[in-house]
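Coordinate inspection notes
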Amino acid sequence: MKSCGSMLGLWGQRLPAAWVLLLLPFLPLLLLAAPAPHRASYKPVIVVHGLFDSSYSFRHLLEYINETHPGTVVTVLDLFDGRESLRPLWEQVQGFREAVVPIMAKAPQGVHLICYSQGGLVCRALLSVMDDHNVDSFISLSSPQMGQYGDTDYLKWLFPTSMRSNLYRICYSPWGQEFSICNYWHDPHHDDLYLNASSFLALINGERDHPNATVWRKNFLRVGHLVLIGGPDDGVITPWQSSFFGFYDANETVLEMEEQLVYLRDSFGLKTLLARGAIVRCPMAGISHTAWHSNRTLYETCIEPWLS
């Protein structure tokens, strides 16, 4: 006959198993009460559209971000849609600035900007004029950063009697500068007129002296990364290398970014950004201008890696 002590020891060995059986009915409740595994939070994303666009154009991009970075707060700014995108760019910069300030204020860890086509110039101006912006990645998506000099359907619709060779007569006038596209029209054969008449691009490039040049450069250099995206089959941005700060010389030979005076003089910070490894160039062939924000391969290769 087993002793009382040995029986207590045996019961003690079986106790854990017995408790497991008793707790089984309550297991689902215990699992619900357990703390959820930690999920890394992503910085908010702000999207700025281009000429004649609207927020609807970016539905595919929204799907991609939600799939790869679930929980990301994405705001596609619904301002200056359609024909309103022809408003002067400084007017648009002010409107977009008022929209992004509260978004940035709620994101002390920083935000990402994805700015398409003409919107890339709006965003670059925002980075210049905002003293306290907290942009981590500025993703410039097929944007004419060094200007535009090409006959496109947009131009033919807007100025049906003009060709690129004589459009300077309109764009470099006070009347012409009231149209956004003229704010970055860059005729390499009339450089003096461009420098004197351009009320937008020549200023944010630091190509013309103005009292805010030093402050704007300092502000622009607050950005964490400048991601430049474009390609030879774009069909609209002319030359396509303008998406990478390349542009024509007077002979219409494309000079790359490192050969441009704005880089050599570091007039608004390009040279400094490159020296610190903050410029990323992501060229991709086979994508037309209206497909940049819907191409999944492009998103995975050039955009997604920078949405921390």
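Residues numbered from 1 in each chain as written. Predicted model: local features only at pLDDT ≥ 70, side-chain atom pairs only at ≥ 80, totals over all residues. Heavy atoms only, no water.

Under the annotation held in an unreviewed UniProt entry, the protein chain carries the name Lysosomal thioesterase PPT2 and is attributed to Mandrillus leucophaeus. Of the comments in the UniProt record for the protein chain, the one headed Sequence similarities (unreviewed entry) reads "Belongs to the palmitoyl-protein thioesterase family." Regarding the protein chain, the UniProt comment filed under Catalytic activity (unreviewed entry) reads as follows: "S-hexadecanoyl-N-acetylcysteamine + H2O = N-acetylcysteamine + hexadecanoate + H(+)". (UniProt positions renumbered as here; feature names shortened; annotations may be inferred.)

Turning our attention to the side chain of Ser137. Assignment of secondary structure puts Ser137 in strand E4 (residues 135–141). Contacts of Ser137, omitting those with residues within four sequence positions, involve Val111, His112, Leu113, His225 and Trp306. (Helix = DSSP H or I, 4+ residues; strand = E, 2+ residues; numbered from the N terminus. Contact = heavy atoms within 4.5 Å.)

What follows concerns the environment of Val254. Within the secondary structure layout, Val254 lies in strand E7 (residues 254–255). With relative accessibility at 24%, the residue Val254 sits in the partly exposed group. Distance in space between the C-alpha atoms of Val254 and Trp240 is 9.6 Å, their sequence separation being 14 residues. Not counting chain neighbours up to four residues away, the residues in contact with Val254 comprise Pro239, Gln241, Phe247 and Tyr248. (Buried < 20%, exposed > 50% of the residue type's maximum accessible area, 1.4 Å probe, protein only.)

In this approach the atoms are scanned with a rolling probe the size of a water molecule, which exposes any empty space left behind. For the structure on display, the rule yields two cavities of 30 Å³ or more. Taken as a whole, the second largest cavity holds about 50 Å³ of empty space. Along its surface, the second largest cavity is lined by Ser128, Leu203, Ile204, Asn205, Gly206, His210, Ala213, Trp216, Arg217, Ser267 and Phe268. Of all the elements in the fold, those that place two or more residues in the lining of the second largest cavity are helix H10 (201–204) and helix H11 (213–220). (1 Å grid on protein atoms, 1.4 Å probe; cavity = no way out; pocket = protein on both sides within 12 Å on 5 of 7 lines; lining within 4 Å. Points joined across faces, edges and corners; volume = space filled by probe spheres on them.)

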